[in-house]
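Notes for the structure review
Residues per chain, in single letters:
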Amino acid sequence: MSRTYGVTMDEIKVSVIVPVYNGETYLEECMESILSQSYQNIEVIFVDDGSTDRSAERIQSFQERDHRVELIRQTNQYAGIARNRGFDAATGEYVIFLDADDYFDSSLVEKMVSAMQRNHADIAICKSRGFDEKAKKEHQLAGALNLELLPEKEVFSKEDVPEHIFQLTAGWAWDKMYRAGFIREKNLRFQGTRVANDELFVDLSLGEAEAIVAVRDELVIHRTNVITSIEYTRERFWHCGYEMLAEEKKELESRGLFPMLKRSFVNRAAKYITWNVCSITTAEYFSEYYSFLTERAIEELEIVGYPSEYYDDPFVCETLHRIEKLSEIEFLCTRIRELNQTVEERDLYVQELLSDMGCLQERMRWMKEGKRWIFPDSLMPDGARVVIYGFGDVGSDWFEDIQRSWRMKLVMVVDKNYDRFETDAVKIHPVEDVDGAEYDYILIAVNEKETADEIRGVLTGRKIAPEKILWFDPSERGTK
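Conventions adopted
- Residues numbered from 1 in each chain as written.
- Predicted model: local features only at pLDDT ≥ 70, side-chain atom pairs only at ≥ 80, totals over all residues.
- Heavy atoms only, no water.
- Helix = DSSP H or I, 4+ residues; strand = E, 2+ residues; numbered from the N terminus.
- Buried < 20%, exposed > 50% of the residue type's maximum accessible area, 1.4 Å probe, protein only.
- Contact = heavy atoms within 4.5 Å.
- Areas by Shrake-Rupley, 256 points an atom, 1.4 Å probe, with all protein chains shown as cover.
- Core = buried A, V, L, I, M, F, W, Y, C linked by side-chain atoms within 4.5 Å.
- Expected span 1.5 Å × (residues − 1).
- pLDDT = per-residue confidence, 0-100.
- Polar contact = N/O pair within 3.5 Å; in protein donor to acceptor, adjacent residues only side chain to side chain.
- Salt bridge = Lys/Arg side-chain N within 4 Å of Asp/Glu carboxyl O.
- Axes fitted to C-alpha atoms, helices over the stretch in contact; angles between N-to-C directions.
- Parallel < 35°, antiparallel > 145°, perpendicular 65-115°, else oblique.
- Left-handed = near helix turned anticlockwise from the far one by under 90°.
- Nonpolar A, V, L, I, M, F, W, Y, C, P; charged D, E, K, R; others polar.
- Phe/Tyr/Trp six-rings, centres within 6.5 Å; stacked < 30°, edge-to-face > 60°.
- Pairing = 2+ DSSP bridges.
- Right-handed = clockwise from strand over helix to strand, strands pointing away.

A closer look at the overall build of the protein
Helix and strand counts for the protein come out as 15 helices and 15 strands. For the protein, the proportion of its 480 residues judged to be buried stands at 55%. In the protein, once contacts between residues fewer than 6 apart in sequence are set aside, the share between residues at least 24 apart is 77%. Taken as a whole, the protein presents about 21,800 Å² of accessible surface, with 47% of it coming from carbon and sulfur.

Now the structure itself:
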């Protein structure tokens, strides 16, 4: 294996790869924080993943100002494929994958390169903080870099912490720098799934690396609670997490790493599944996910059947045990008992819910068999004032759901064919009426992306801010 460490640090080129999808709201802050890095020998490769806003135009404006900026455009294939595309075009000795809605300390690249060069490392990992976009304040990122698990030595590998290698850091790519040759030698690629597309890459790299180093400075500010982020739609695509874990297990086995890293993988997978099952808030998706776990996933992933001390987290262990033993309704009632410690007569509350199980099951049957579009209520912030654009099948069903929701306020419904609708339930307005309305979001209520993109163009043409225009793809959850 050939490595070049005999050059001075400023001669080493670093490739900064940034996938972008409809990121114009935060893109300028992101780009400024990259281009103002104290380390100047960088190429910045933005991969526009089929954006429908002005992201590409913003990047082109930076190209005109800075020769280090490159733009690659592709149809929407999600962030993993965009990162692969950017890496294939990269010419740097080191590479770092950043996200377009985050921003970075000006010393990020310099400190990471210094650590890589000084320690002949394959990977450098830095600390990071979160910035809650809704609350407008910074916060700790749980599990981003677990200093208490790091070996005492400065440079380490899986041999030093085989049972905890995946627990040292979270499975995201944006706080890690890689030796480009290492990625190529180990044939590491990001997955093409809509969400959870970087953990496979991260975990395989941790398993394959001969030299890893930690930078204990907070160098990345990761934005959370971003309503337009694909991360915000994760529960709709719960299957992506399973696909990631199944592929990781398969890859670890084929690379001969699984026997050594089995316990670390089991804990990584168990924690991911526990987090998912405790965070899905939509009844339909929870039911689908829970059935899949009990019928297939926990057995295929080999994450149960170990003594309690095998698991790092007692809560994870207990949750897995419940998934194994309890029906969906029993699991939910147990969680309610735990989460409602301050509710008066909580035992009676649980019993009442159990006695109403027939009604609950009927509701689930209706959601699975009834032909209607269910609005993704959990994806909207509390108190949002919304306008529905479109009163066809999707819009009329969404109207009913939003009317019943206590979390949102419906401002109006508009449709270009407003004069064709005759209803006593709701007044349909012409599109022009949005100009004088006060709202937080316009929800495009159609089931085809092409149509949604056309409507988005009409709305942005009326000088409506792109971040206020939302479209959730109903076709990906199916008619209900």
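Next, the rest of the story.
Brief notes about the nonpolar core
The tendency in soluble globular proteins is for nonpolar side chains to be buried side by side. Core analysis: the largest hydrophobic core is formed by 67 residues, its most contacted members being Phe97, Tyr178 and Ile183. Judged by nonpolar contacts, the second largest core, of 43 residues, contains Ile12, Ile96, Cys126 and Met177.

Regarding helix 1 (residues 24-35)
With 12 residues, helix 1 should reach 16 Å at 1.5 Å per residue; the first-to-last C-alpha distance of 16 Å fits that figure. Residues of helix 1 that are buried include every one of Glu24, Tyr26, Leu27, Cys30, Met31, Ser33, Ile34 and Leu35, and no others.

Overview of the confidence of the model for the protein
Scored by pLDDT, the protein comes out at a mean of 87, with 86% of its residues at no less than 70. In the model, residues 342-346 has pLDDT below 50 throughout and makes 3 contacts with residues more than four positions away in sequence or in other chains. pLDDT under 50 marks residues 476-480. Its contacts with residues more than four places away, or in other chains, come to 22 contacts.

Describing the environment of Arg189
Within the fold, Arg189 resides in the loop between helix 5 (180-185) and helix 6 (199-208). Note: C-alpha distance between Arg189 and Ser205 (16 residues apart in sequence) is 9.8 Å. The residues contacting Arg189, other than those within four sequence positions of it, are Asn84, Phe87, Asp88 and Phe201. Of note is the side chain of Arg189, whose polar atom sits 2.8 Å from the side chain of Asp88.

A look at the environment of Leu35
Assignment of secondary structure puts Leu35 in helix 1. Leu35 sits in the buried class, given a relative accessible area of 14%. As a C-alpha pair, Leu35 and Ser106 span 71 residues in sequence and 8.7 Å in three-dimensional space. Discounting chain neighbours no more than four positions away, the residues touching Leu35 are Gln40, Val44, Phe62, Asp66, Arg68 and Val69.

Things to note about the pattern of salt bridges
Applying the stated criterion across every chain, the model contains 35 salt bridges. Where salt bridges share partners, they join Glu29, Glu133, Lys136 and Arg223 into one cluster.

Regarding the packing of helix 6 against helix 7 (residues 238-254)
Where helix 6 contacts helix 7, the two axes come as close as 9 Å, and the packing angle between them is 25 degrees. Considered as vectors, helix 6 and helix 7 are oriented roughly parallel to each other. Two packed elements cross with a definite hand, and for helix 6 against helix 7 that hand is right-handed. Side by side, helix 6 and helix 7 meet where Glu199, Leu200, Asp203 and Leu204 of the first sit next to Met244, Leu245, Glu247, Glu248, Glu251 and Leu252 of the second. Of the residues contributing to the contact of helix 6 with helix 7, the split by class is 5 nonpolar, no polar and 5 charged.

Quick notes on the side chain of Thr319
Turning to its location among the elements, Thr319 is positioned in helix 10 (residues 314-325). Relative accessible area serves as the criterion here: at 3%, Thr319 is assigned to the buried category. With near-sequence residues (within four places) excluded, Thr319 lies in contact with Thr274, Val277 and Phe331.

Describing the packing of helix 1 against helix 2 (residues 55-65)
As a packed pair, helix 1 and helix 2 sit with axes 9 Å apart at the nearest point and diverge in direction by 25 degrees. Between helix 1 and helix 2, the angle falls in the class roughly parallel. Pair helix 1 / helix 2 crosses with right-handed handedness. Across the interface between the two elements, Glu24, Leu27, Glu28, Met31, Glu32 and Leu35 from helix 1 touch Ser55, Arg58, Ile59, Phe62 and Arg65 from helix 2.

Some thoughts on the packing of aromatic side chains
With the rule as written, the count across this model stands at 19 aromatic pairs. Look at Tyr310 and Tyr311: their rings are 6.2 Å apart centre to centre, the planes differ by 85 degrees, and that puts the pair in the edge-to-face class. The class of Tyr310 is buried, set by a relative accessible area of 17%. What links up through ring pairs into an aromatic cluster is the set Phe97, Tyr178, Phe190 and Phe201.

Side note on the environment of Val387
Tracing the backbone shows Val387 in strand 11 (residues 384-389). In this structure the C-alpha to C-alpha distance between Val387 and Val413, which are 26 residues apart in sequence, comes to 5.7 Å. When neighbours within four sequence positions are excluded, Val387 is seen to be in contact with Val411, Met412, Val414, Val434, Tyr439, Tyr441, Ile442 and Leu443.

Concerning the pairing of strand 2 (residues 42-49)
One face of the sheet, then the other: side chains in a regular strand alternate in exactly this way. Across the 8 residues of strand 2, 8 count as buried, placing the element largely inside the fold. Neither face of strand 2 is open: one carries Ile42, Val44, Phe46 and Asp48, the other Glu43, Ile45, Val47 and Asp49, and all of them are buried. Summarising the sheet, strand 1 (residues 14-20) and strand 2 pair through 7 bridges and their orientation is parallel. If you follow Val16 over to strand 2, its bridge partner there is Val44. Following the backbone out of strand 1, through helix 1 and into the adjacent parallel strand 2, one traces a crossover that is right-handed. Taken together, the 6 bridges between strand 2 and strand 3 (residues 69-74) define a ladder with parallel strand orientation. Along strand 3, the bridge assignment pairs Val47 with Ile72. Regarding topology, helix 2 serves as the crossover connection from strand 2 to the parallel strand 3, and that connection is right-handed.

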